[in-house]
Amino acid sequence: MTEGKIVKSLSGFYYVLSENGIVYQCRARGNFRKRKITPLVGDDVEFEAENLTDGYVLNILPRKNVLVRPPIANVDQALVVFSVKEPDLNLQLLDKFLVHIEANRIEPVICFTKIDLLGEHETKNMDSVAEIYQSIGYHVLFLSMKDKKTNDKITPYLKEKITVVAGQSGVGKSSLLNLLNPSLKIETNSISSHLGRGKHTTRHVELFSVAGGLVADTPGFSSLAFSHFTKEELSDTFIEISKAGEYCKFRGCTHLAEPGCAVKQAVEDGDIAKSRYSHYEAFFKEIKETKRRY
Ligand SMILES: Nc1nc2c(ncn2[C@@H]2O[C@H](COP(=O)(O)OP(=O)(O)O)[C@@H](O)[C@H]2O)c(=O)[nH]1
Ligand SMILES: [Mg+2]
Ligand SMILES: [Zn+2]
C-alpha cells in the first residue's frame, strides 16, 4: 500500500499522484464507501495499484478542510486575484472573498493584477490600499503579465501547497496560471466559465502541478452567499475587528451601536480602515436579512 494525493476525479475514476510523481488511475474501494464518504480532489489517500490504470483507493486520510464549491479537500491557500483596472477594483467584493476564505481556515494571498494599466497617481492610491491589507497581516502582491518578474514574485507561495484561485471573471486568473506553467494552455478572456455551466461542461476539478505545488484550475469560492454564516462568525473573519473587539465593553458586542465599542474607537483613531468597517456593516446587514428569509 502506498500514499498519494487525488489530483483529478472524472467519471468514477480517481487519479492519484503518488510520492514518486506517477499518476495512477484508481477506483474507490474500502470502508469509507460504507460510511458514504466520497473521495475528493485534494484527498491524501492510501491506495494500491499493480499498473497505471487499475488501482484502488483504499483509505482516505483525515482532511484538514473541505471546500464545497469547487469540491476540494485540504486546501492550504487561496490566491485572491483582483485587477486594479478592467474590471475596476472592488474592495467590498475583495473583503467578501476574504471573509469566505477566512471562514474556511484557508490562507489568502492577495494578488492585484494588471498593474501595467495604472498611471503614477493611481499607483500611489494602490499602495495605500495594499497598506490596509498588509497591516492586517495579509500578503499582497502586485502583478502584471507584462512584467517578467511576476513569475518569481508568486512562485515562492505555491511550493508544496494546494492552492485555489479566487476572483471575478476577467481579472487575469487563467493568464496567471498560464504564465506560471505555459504547458497548461488554459483559455483566457473567455466568459464561458459563466455560461458553460449548463450543457456540455461537467465542471471537473483538477489540480495542476505548478511551481512545486498543486493549483486548482477551477475558480475557488464560486458562491459567496452568507447563508451558512452567523453574525458572530462574521466578526471572527475580519481579523482586525476581531482583535480590537476583545476590548469592547460588552461581550457579544456587534460593533454597530453599542457604547464602549473598541472597534468603533479603532475606526475613529484610524487603526481600522473605514472601508473595512463599512463592509463589515454591509455584510452584517446581509446576514441579518438572509436569516430573516427562512
Ligand atoms: N494589461 C493587462 N491585461 C491582462 C493582464 N492579465 C490578464 N490580462 C487580460 O485580461 C483578460 C482576461 O484575462 P483572463 O486570464 O482570461 O481572466 P480570468 O477570467 O480571470 O481567467 C485577457 O484579455 C488578458 O489578456 C495584465 O497583467 N495586464
Ligand atoms: Mg479564466
Ligand atoms: Zn464592539
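Note that this is a predicted model, so its numbers are computed, not measured.

All right, on to the coordination of the zinc ion (ligand 3) then. The protein atoms donating to the zinc ion (ligand 3) are C248 (SG), C253 (SG), H255 (ND1) and C261 (SG), with metal-donor distances spanning 2.2 to 2.4 Å. For the zinc ion (ligand 3), the single-chain donor residues occur in sequence as C-x4-C-x1-H-x5-C. With relative accessibility at 11%, the residue C248 sits in the buried group. By relative accessible area, H255 is classed as buried at 5%.

Right, let's get into the nonpolar core. Grouped burial of nonpolar side chains is what soluble globular proteins tend to show. In this structure, L94, F97, F112, Y133 and F221 are the most contacted members of the largest nonpolar core, which totals 48 residues. Top contributing element to this core by residue count: helix α1 (residues 91–103), with six residues. Each of domain 1 (2–62) and domain 2 (72–219) gives at least three residues to this core. Once residues within four sequence positions are removed from consideration, Y133 is found in contact with L91, L94, D95, L98, I110, Y138, V140 and R276. Counting residues in each nonpolar core, the second largest holds 20 residues, with F229, F238, A244 and A262 among its members.

A word on helix α4 (residues 173–180). Those residues of α4 not exposed but buried are K173, L176, L177, N178 and L180. Looking at the buried residues of α4, the elements they touch are β8 (77–83), α3 (150–158), β11 (162–166), β12 (207–210) and β13 (213–219).

Now for helix α9 (residues 274–292). Between its first and last C-alpha atoms α9 spans 27 Å; for 19 residues at 1.5 Å apiece the expected length is 27 Å, and the two agree. Those residues of α9 not exposed but buried are S275, R276, Y277, H279, Y280, F283, F284, I287 and T290. For α9, the elements touching its buried residues are α1, α2 (120–136), α6 (231–237), α7 (239–245) and α8 (262–268).

The next thing to look at is the domain arrangement of the chain. Size of an interface: often given as the accessible area lost when the parts come together. Here the chain is described as being made up of domain 1 (2–62), domain 2 (72–219) and domain 3 (231–292). Measuring from the centre of the C-alpha atoms in domain 1 to the corresponding centre in domain 2 gives 28 Å. Contacts between the two partners involve 13 residues from domain 1, matched on the other side by nine residues from domain 2. Together, the buried faces of domain 1 and domain 2 total about 830 Å²; carbon and sulfur atoms form 62% of this surface. Ranking the residues of domain 1 by area buried against domain 2 places V7, K8 and V41 at the top, with a combined share of 45%. With six residues, strand β1 (residues 2–10) is the largest single contributor of residues to the side of domain 1 that touches domain 2.

Procedures and definitions
Residues numbered from 1 in each chain as written. Chains lettered and ligands numbered in written order. Predicted model: local features only at pLDDT ≥ 70, side-chain atom pairs only at ≥ 80, totals over all residues. Heavy atoms only, no water. Donors = N, O, S within 2.8 Å, 3.2 Å for Na, K, Ca; no water. Buried < 20%, exposed > 50% of the residue type's maximum accessible area, 1.4 Å probe, protein only. Core = buried A, V, L, I, M, F, W, Y, C linked by side-chain atoms within 4.5 Å. Helix = DSSP H or I, 4+ residues; strand = E, 2+ residues; numbered from the N terminus. Domains from an automatic or database assignment. Contact = heavy atoms within 4.5 Å. Expected span 1.5 Å × (residues − 1). Buried area = accessible area lost by both parts, 1.4 Å probe.

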